[in-house]
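Here are the chains, one letter per residue:
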Amino acid sequence: MSASREGLNPEFAAKLALFEKKLAANGIKVMLTCGYRSIAEQNRLYAAGRTRPGKKVTNARGGYSWHNYGLAADYVFVTDGKVNWNGPWATFGRIARECGLEWGGDFKTILDRPHVQWTNGRTLAQMRQAAASRK
Ligand SMILES: [Zn+2]
């Protein structure tokens, strides 16, 4: 159930490798649950709880998530071989910041503790524009 690293921005992937190494050095084992997500996949997720049945799982439409640009990743802790959502999030966030990542636990709008991203000073509007100009 570990997610693929395919589609991740290479510089971001290198930061994630360092992040995971530092977590491990602190005795914290994690598993990647989501990396790159296509625009179509994001739109399907967005539809859940809106135009499709189910609960709302995201507030981001396609193109409005850093996952769509390979610049975000979600993690879960692994404790005794089992997935654990109640791990040391504060340490997770501190180490993410040390690695130059933004942590979803610092978000003012929607708290998203499993989420880390690397915007490198860019905005999603810039990312959407750049993607559109490539078409
Ligand atoms: Zn995420």
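Structural data are supplied above this passage.
The present account deals with the structure reproduced in this document. (Residues numbered from 1 in each chain as written. Predicted model: local features only at pLDDT ≥ 70, side-chain atom pairs only at ≥ 80, totals over all residues.)

Things to note about the pairing of strand β2 (residues 72–79)
For clarity, the cut-off: Note on pairing: DSSP must find at least two bridges between two strands before they are called paired. A run of H or I in DSSP counts as a helix once it spans at least four residues, and a run of E counts as a strand once it spans at least two, with each numbered from the N terminus.
Relative to β2, strand β1 (residues 30–34) runs antiparallel, the two sharing four bridges. Paired with Val-30 across the strands is Phe-77, a residue of β2. Direction of pairing for β2 relative to strand β5 (residues 115–117): antiparallel, over a ladder of three bridges. Bridge pairing in β5 links Asp-74 to His-115. A loop of two residues connects β2 with strand β3 (residues 82–84), the two strands running antiparallel in sequence, and Asp-80 in this loop sits at a positive phi of about 50°.

A closer look at the packing of helix α1 (residues 10–25) against helix α3 (residues 89–98)
Defined as follows: The axes used here are C-alpha line fits, helices contributing only the stretch in contact, and every angle between their N-to-C directions lies in the interval 0 to 180 degrees. Small angles under 35 degrees read as roughly parallel and large ones over 145 as roughly antiparallel, with 65 to 115 read as roughly perpendicular and the rest as oblique. Note on convention: the crossing is left-handed when the near helix lies turned anticlockwise from the far helix by less than a right angle, right-handed when the turn is clockwise. By the convention adopted here, residues make contact when the C-beta atoms placed from their backbones lie within 7 Å. Side-chain classes are defined by residue name, with Ala, Val, Leu, Ile, Met, Phe, Trp, Tyr, Cys and Pro counting as nonpolar, Asp, Glu, Lys and Arg as charged, and the others, Gly among them, as polar.
At a minimum axis separation of 9 Å, α1 and α3 run at an interaxial angle of 135°. Relative to α3, the element α1 lies oblique. As α1 packs across α3, the resulting crossing turns out to be right-handed. From α1, Phe-19, Lys-22 and Leu-23 reach across to α3, where they touch Phe-92, Ile-95, Ala-96 and Glu-98. Its residues assigned to classes, the contact of α1 with α3 comprises five nonpolar, no polar and two charged.

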